[in-house]
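# Examining the three-dimensional arrangement
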Amino acid sequence: MARPPLDGTILVTGASSGIGAAFARQLAPTARHLVLVARRAEALAALRDELVAAHPALRVTVAPCDLARPAELDALVAQLAADRVEVDVLVNNAGIGDMGLLDGASRAKLDQMLQLNVLAVTQLTLHLYPGMVARGRGGVLFVSSGFGLVLFPGFAAYVGTKHYVTGFADSLRVEAAGTGVCVTQACPGPVRTGFEDGAENRLGQPIPPWIMITPECCARDTLSAFRAGRALVVPGWLAWFGISLGRLTPRWLLRLVFAPIAWEMRRRSRAATSPPPPR
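Now for a look at the structure at hand.

The rules behind the values
- Residues numbered from 1 in each chain as written.
- Predicted model: local features only at pLDDT ≥ 70, side-chain atom pairs only at ≥ 80, totals over all residues.
- Heavy atoms only, no water.
- Helix = DSSP H or I, 4+ residues; strand = E, 2+ residues; numbered from the N terminus.
- Rg over C-alpha atoms; globule rule 2.2 N^0.38 Å.
- Buried < 20%, exposed > 50% of the residue type's maximum accessible area, 1.4 Å probe, protein only.
- Contact = heavy atoms within 4.5 Å.
- Areas by Shrake-Rupley, 256 points an atom, 1.4 Å probe, with all protein chains shown as cover.
- Lys, Arg positive; Asp, Glu negative; His and termini not counted.
- Charge placed at Lys NZ, Arg CZ, Asp CG, Glu CD.
- Salt bridge = Lys/Arg side-chain N within 4 Å of Asp/Glu carboxyl O.
- Phe/Tyr/Trp six-rings, centres within 6.5 Å; stacked < 30°, edge-to-face > 60°.
- Patch = residues over 30% accessible without salt bridge, like charges linked within 9 Å, V, L, I, M, F, W, Y side chains within 5 Å.
- Disulfide = S-S within 2.5 Å.

## Describing the overall build of the protein
Summing up its helical and strand segments, the protein has 9 helices and 7 strands in all. The C-alpha radius of gyration of the protein comes to 19 Å, within 12% of the 19 Å expected for a compact globule of 279 residues. Principal-axis analysis of the C-alpha atoms gives the protein an extent of 70 × 40 × 30 Å. Residue burial in the protein is summarised as follows: out of 279 residues, 47% are buried. For the protein, the proportion of contacts with a sequence separation of at least 24, taken over those separated by at least 6, is 71%. Taken as a whole, the protein presents about 13,800 Å² of accessible surface, with 60% of it coming from carbon and sulfur. Where the 28 positive side-chain charges of the protein centre and where its 21 negative ones centre are 6 Å apart.

## Brief notes about the pattern of salt bridges
Inspection of every chain in the model, using the stated rule, returns 12 salt bridges. The closest approach of N and O atoms between D49 and R48, which form a salt bridge, is 3.3 Å. Of the residues examined, R48 reaches a relative accessible area of 28% and is grouped as partly exposed. With its nearest N and O atoms 3.0 Å apart, the salt bridge here joins R266 to D103. Of this pair, R266 sits in helix 9 (residues 251–273) while D103 sits in the loop between strand 4 (89–92) and helix 4 (107–135); the two residues are 163 residues apart in sequence, bridging distant segments of the chain. D103 gets classed as exposed once you look at its relative accessible area, which sits at 61%. Through salt bridges with shared partners, one network takes in D7, D88 and R137.

## Brief notes about the packing of aromatic side chains
Aromatic rings considered in pairs are described by the distance between their centres and by the relative angle of their planes. Overall, the coordinates contain 7 aromatic pairs when judged by the stated rule. Between the aromatic rings of F147 and F152, the centroid separation amounts to 6.0 Å while the plane-to-plane angle is 25°, which identifies the pairing as stacked. Their ring planes at 45° and their centres at 4.8 Å tell us that F147 and F155 sit as a pair that is tilted. For the residue pair F147 and F155, the accessibility class agrees, reading buried in each case. The rings of F147, F152, F155, Y158 and F258 are connected pair by pair, giving a single aromatic cluster.

## Some thoughts on a nonpolar patch on the surface
There is a patch of nonpolar side chains on the surface, built from W237, L238, W240, F241 and L245 and spanning about 610 Å² of accessible area. Mapped onto the fold, W240 is located in helix 8 (residues 237–248). Accessibility expressed as a relative area gives 49% for W240, which makes it partly exposed.

## A closer look at the state of the cysteines
Tallied over the full model, the rule gives 0 disulfides. For C218, which is in no disulfide, the shortest distance to another cysteine sulfur is to C217 and amounts to 7.3 Å.

This is the structure:
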């Protein structure tokens, strides 16, 4: 079974905060070179300074890039090639969500989500994975979601993107057998990362804080599974239990159970957008 070379060059997307920053901090003690990719240049620079101060032998490269823009992704890959950076491990962590019924969604927001969650993940993997295969060593870590394994109303397009990531990761793992490249995916439940703000919650119902885990816990459980060469990890015992139960439940029964939840979401959505009654 292949193991990822976590002592080499590791590229982490979505590294400026949340799970991505937690990955960077937990990979720093063993990595030789971290390449940190995210949109926010100032946050990346601050993280770089923190990591180098704690680990003076570590090389850290910051690469401000909006992966939802194909031209910026291409420029990132071209710069890596120009600098002769051979990426040993790719951590596909960047992603955004959308919360709300599909008929109230923004086309622009959905386009951005599809570009980042599906196309950017695929294209960046396509650019870096063949080199790993050619060298006979490497690792690709996908941060999918528990929604990549189950279904839920109010997240239709987001669930679809994560089902893609899960199917892509599972299939790539099979393809990578015998190549020396380890492919692992994490399917976390809710994590305290500001996801809800970025997802522009239109449901009017916040995610209960008691079901969330910290980014540090998510990264720790995920990297433990990645180091062991496992195919799949669901960080956090509560998420693991709920998602496992959902995976074991027949799809027709899930649709039956979730239908009343969807109806209630629509009722609340209509109530929130209806004008107040006249006095």
